[in-house]
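# Fold and contact review
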Amino acid sequence: MKLSLQLKLGQQLAMTPQLQQAIKLLQLSSFDLHQEVGQMLESNPMLEPEEGAEEAGKSDEPRFADGEPWRDPYQPAYGGAAQHGGHREPFDIVAGSPEEDSLQDHLLWQLNLTPMSARDQSIALAIIDAIDANGMLSVDIDSLLAGFPPEAGIGPDETLAVLHRIQQFDPIGVGSRNLAECLLLQLGQISDPELAREAGHAKLIVEYHLDLLANHDYAQLMRRAKLREADLSAAVRLIESLNPRPGAHIAPAQASYVVPDVLVRRDTASGAWRVDLNPDSAPRIRINQDYAALASSSGGEDGSYLRSNLQEARWFMKSLQSRNETLMKVAGEIVERQVDFLEYGEEAMKPLVLHDIAEAVEMHESTISRVTTQKYLHTPRGVFELKYFFSSHVSTTGGGECSSTAIRAIIRKLIAEENASKPLSDSRIAAELQQRGINVARRTIAKYRESLSIPPSSGRKRLALPDGMA
């Protein structure tokens, strides 16, 4: 074989560090972006926050690009500082509300106020430790006994006695071993003479016929419990007023907050919808001019270090600017295509896929996917993730298309307006949509209904009485 040298010309795509940095910034949420900017400010001496930007963000209310204040249409229900003697404690959006005691802390506080022997207290501590966040006992009595040494001689009767004492703690129903016991404990605390009759019927239903109530089999329930329809309606109404998770309200889950990246409002003069970047979501940084001048005049290793950081700072700021421009371009195109949603609500949502936006803004679909992930849009109808505005389509009889989001909204509306005694089946909902020109199969209706966490028609059935259940 003869060896030879050959020269070939070709093109190849390469991921430069600048491009990698731009892609990374593009897919970051506003919270992660602020963290990334903070790390860059610490590592690069050439970068600094814009003078007065942080103080202005804290003291002034958010504003649009033209300087007009951004006013949230969803104002809080409380009255502000006037209701608190002119003073209101600062609220940390990261920390959320002040720290609250857990359910275990709440029960231990009551245990310390309850006269008990040391032996009973040790049993009570084991029981409280086995109670979950909903207030239910997560293990059985045998499992509790297994946690004590055999020489302690603790038996099931003794453990049950302590459990019954804890079940009288606040909230009523805590420490229950099942749903029926939880409801019976709450019914046992009703002392109003006017509710004695309803409470008695409710205890009968919960203790012996809870499965029939769960299946909404009211005809069978009336026969088994030997109750009239009016008595059954009153008893079920009382049961529905009870709390099946008594411990959930003691330490509720901490709310999470999002800062919208883009603000959408209607222009008062032209009536058109405007899209602006939220100034609170876009970090404002700049290059330190003193260090930049020093970099051009210094030599040696110090000058090389400063010039390297200066170039890195310029790349970073360019990537930030590119991220904001791409976000605005994509958000503006989404708003332009979903004007009907802003005007009329979910039922007017149009079908939209990533390819449609990518083609309109001349970008790749993967770029659109990165831009719309964990980016939020503030509208007069609420705050939505950009991905919310994308949905598949269903064909209509007129040859058009209908968004799956709009179909879900129509299904929710039809179920909300249905007769509670004769709820709409999936087939009936499909027929209703067919009359509106939307071709949807029954199994598709079932899939959309389940995604909305709406039970089937058998689970939505209610008694047909003038004073029936709500």
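The shown structure was predicted, so the numbers you read here are calculated from the model rather than taken from an experiment.

## What to know about the confidence of the model for the protein chain
When pLDDT is averaged across the protein chain, the result is 84; 86% of the residues are at 70 or more. Mean pLDDT in the protein chain bottoms out at helix H3 (residues 53-59), which sits at 45, and peaks at helix H8 (residues 179-187), which reaches 95. Note that pLDDT drops below 50 for residues 53-60; the model gives that stretch 2 contacts with residues more than four away or on any other chain. Under a pLDDT of 50 for its full length, residues 465-470 has, in the predicted model, 16 contacts with residues more than four places off or in other chains.

## Structural notes on helix H17 (residues 365-372)
In an α-helix, one turn spans 3.6 residues; hence positions three or four apart end up facing the same way. Within the sequence span of H17, burial applies to Thr-367, Ile-368, Val-371 and Thr-372. Angular distribution of buried residues about the axis of H17 spans 125°; they occupy a single face of the element. Residues of H17 that are buried sit in contact with helix H1 (17-26), helix H14 (300-337), helix H16 (354-361) and strand S6 (382-385). Gln-374 lies just past H17 and shows a positive phi near 60°.

## Regarding the layout of surface pockets
Estimated volume of the second largest pocket: approximately 360 Å³. Sort the elements by how many residues they give to the lining of the second largest pocket and H14 lands first, with 6 residues. A per-class count over the lining of the second largest pocket returns 7 nonpolar, 7 polar and 3 charged.

## Some points on the packing of helix H5 (residues 118-129) against helix H7 (residues 156-166)
Contact geometry for H5 and H7: axes closest at 9 Å, N-to-C directions at 65°. Judged by the inter-axis angle, H5 sits roughly perpendicular to H7. Pair H5 / H7 crosses with right-handed handedness. Of the residues in H7, those touching H5 at Arg-119, Asp-120, Ile-123, Ala-124, Ile-127 and Ile-128 are Glu-158, Thr-159, Val-162, Leu-163 and Ile-166.

## Points about the packing of aromatic side chains
Taken as a whole and assessed by the stated rule, the structure comprises 6 aromatic pairs. Relative to Phe-389, the ring of Tyr-388 has its centre 5.5 Å away and its plane inclined at 80°; by these criteria the two rings are edge-to-face. What makes Tyr-388 partly exposed here is its relative accessible area of 23%. One aromatic cluster is present, formed by Phe-341, Phe-384, Tyr-388 and Phe-389 through successive ring pairs.

## Considering the pairing of S6
Covered by surrounding structure in S6 are Gly-382 and Phe-384 only, the residues Val-383 and Glu-385 on the alternate face being uncovered. As paired strands, strand S5 (residues 376-379) and S6 are joined by 4 bridges and run antiparallel to one another. Note that in S6 the partner of Leu-377 across the bridge is Phe-384. Hairpin connection between S5 and S6: a loop of 2 residues separates the two successive antiparallel strands.

## A few points about the packing of H14 against H16
Viewed as axis vectors pointing N to C, H14 and H16 meet at an angle of 120°, and their least axial separation amounts to 10 Å. As H14 runs across H16, the sense of the crossing is right-handed. Of the residues in H16, those touching H14 at Lys-329, Val-330, Glu-333, Ile-334 and Arg-337 are Asp-356, Ile-357, Ala-360 and Val-361. Of the residues assigned to the contact of H14 with H16, the class counts are 5 nonpolar, no polar and 4 charged.

## As for the side chain of Arg-460
Along the chain, Arg-460 turns up in helix H21 (residues 457-460). A distance of 2.8 Å separates a polar atom in the side chain of Arg-460 from a polar atom in the side chain of Glu-418. Apart from residues no more than four positions distant in its own chain, Arg-460 is found in contact with Ile-415, Glu-418, Ala-420, Pro-423, Leu-424, Arg-449, Ile-454 and Pro-455.

Cut-offs and rules
- Residues numbered from 1 in each chain as written.
- Predicted model: local features only at pLDDT ≥ 70, side-chain atom pairs only at ≥ 80, totals over all residues.
- Heavy atoms only, no water.
- pLDDT = per-residue confidence, 0-100.
- Helix = DSSP H or I, 4+ residues; strand = E, 2+ residues; numbered from the N terminus.
- Contact = heavy atoms within 4.5 Å.
- Buried < 20%, exposed > 50% of the residue type's maximum accessible area, 1.4 Å probe, protein only.
- Arc of directions from axis to C-beta.
- 1 Å grid on protein atoms, 1.4 Å probe; cavity = no way out; pocket = protein on both sides within 12 Å on 5 of 7 lines; lining within 4 Å.
- Points joined across faces, edges and corners; volume = space filled by probe spheres on them.
- Nonpolar A, V, L, I, M, F, W, Y, C, P; charged D, E, K, R; others polar.
- Axes fitted to C-alpha atoms, helices over the stretch in contact; angles between N-to-C directions.
- Parallel < 35°, antiparallel > 145°, perpendicular 65-115°, else oblique.
- Left-handed = near helix turned anticlockwise from the far one by under 90°.
- Phe/Tyr/Trp six-rings, centres within 6.5 Å; stacked < 30°, edge-to-face > 60°.
- Pairing = 2+ DSSP bridges.
- Polar contact = N/O pair within 3.5 Å; in protein donor to acceptor, adjacent residues only side chain to side chain.

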